Amino acid sequence: IAGLEAGEFRVAAPDAQAVGQEAGTAFVLAALGMLHASVGQTDRAVPRLERALEIHRRLGQRIFAARALVALAGIRRQEGDPEAAVAMHGAALKEAEAAGDPVTVGTVRLARARALVDLSRLDEATVDAEEVLAKVRLYFGDIPAVPPISRPGVWIPRPTTDRRMTLQERVP
């Protein structure tokens, strides 16, 4: 784990708990869990994500609960248990749909589709992917494309002064 980020989160978690900010504590735990998961430390990631999930559910923060479930499902899938991943994605989908957040619903459906493909349940995976595509077309289909961005030419700075230096070393 990148020392700076992990260190900042480790300092922030007790501070958030000390002032009674459960939501902040849950956010910090989830972020730490995702950091650990990103470097393969699932033994450290899972307890943090599970604790964050518990707090988010207790506080009624359905979107964040769904995100914690997706992270946990990703770990299960990585560990070779796509059945557990699909079950967790199902729970995440219920949370996201109850929150009414189409972006999180789409994210969960695509993640679940990947786990379904792992199980060779292609018909179900296709349904999830097609539902996401339909929502994307509904919400973003009528937005016109912007003109392409032209790439500037390569700029290589030319040195204006001579920057040579001579160093001597004593070698035995």
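This text goes with the structure placed above it.
Asker: Talk me through helix α4 (residues 62-78); I want residue IDs and the actual numbers.
Answerer: The end-to-end C-alpha separation of α4 is 24 Å, in line with the 24 Å expected for 17 residues at 1.5 Å each. At the C-terminal side of α4, G80 shows a positive phi close to 90°.

Asker: Which residues make up a nonpolar patch on the surface, and what are the values?
Answerer: A cluster of nonpolar side chains, L133, V136, L138, Y139, F140 and I143, forms an exposed patch at the surface whose accessible area comes to about 590 Å². Along the chain, F140 turns up in helix α7 (residues 122-140).

Asker: For unusual backbone geometry, give the residues involved together with the corresponding values.
Answerer: In this model, S120 sits at a positive phi of 60°, which is unusual for a non-glycine residue. On the secondary structure map, S120 appears in the loop between α6 (102-118) and α7. Here S120 falls in the exposed class, since its relative accessible area comes to 60%.

Asker: Can you lay out the pattern of salt bridges for me, pointing to particular residues and giving the numbers?
Answerer: Evaluation of the coordinates by the stated rule reveals 15 salt bridges. For the salt bridge of R62 with E95, the shortest nitrogen-to-oxygen distance reads 3.2 Å. Of the two residues, R62 sits in helix α4 while E95 sits in helix α5 (residues 82-99), which places them 33 residues apart along the sequence. On the accessibility criterion, R62 (39% relative accessible area) is partly exposed. Judged by its relative accessible area of 11%, E95 falls in the buried class. One salt bridge connects R164 with D162, and the closest N-O pair in it is separated by 3.5 Å. A relative accessible area of 78% means that R164 is categorised as exposed.

Asker: Account for the nonpolar core, naming residues and giving values.
Answerer: Nonpolar side chains in soluble globular proteins generally cluster together in the buried interior. L49, L53, L72, I75 and A92 are the most contacted members of the largest nonpolar core, which has 32 residues in total. Of all the secondary-structure elements, those providing two or more residues to this core are α2 (22-38), α3 (42-59), α4, α5 and α6. The residues touching L72, leaving out its near neighbours within four places in the chain, are V46, L49, E50, L53 and M88.

Asker: I'd like a description of the packing of α4 against α5, backed by residues and values.
Answerer: Relative to each other, α4 and α5 sit at 165°, their axes nearing to 8 Å. With respect to α5, the element α4 is oriented roughly antiparallel. For the pair α4 and α5, the crossing hand works out as left-handed. Seen from α4, the contacting residues are R62, I63, A65, A66, L69, V70, L72, A73, R76 and R77; seen from α5, they are A84, A85, M88, H89, A91, A92, E95, A96, A98 and A99.

Conventions we followed
- Residues numbered from 1 in each chain as written.
- Predicted model: local features only at pLDDT ≥ 70, side-chain atom pairs only at ≥ 80, totals over all residues.
- Heavy atoms only, no water.
- Helix = DSSP H or I, 4+ residues; strand = E, 2+ residues; numbered from the N terminus.
- Expected span 1.5 Å × (residues − 1).
- Patch = residues over 30% accessible without salt bridge, like charges linked within 9 Å, V, L, I, M, F, W, Y side chains within 5 Å.
- Areas by Shrake-Rupley, 256 points an atom, 1.4 Å probe, with all protein chains shown as cover.
- Salt bridge = Lys/Arg side-chain N within 4 Å of Asp/Glu carboxyl O.
- Buried < 20%, exposed > 50% of the residue type's maximum accessible area, 1.4 Å probe, protein only.
- Core = buried A, V, L, I, M, F, W, Y, C linked by side-chain atoms within 4.5 Å.
- Contact = heavy atoms within 4.5 Å.
- Axes fitted to C-alpha atoms, helices over the stretch in contact; angles between N-to-C directions.
- Parallel < 35°, antiparallel > 145°, perpendicular 65-115°, else oblique.
- Left-handed = near helix turned anticlockwise from the far one by under 90°.

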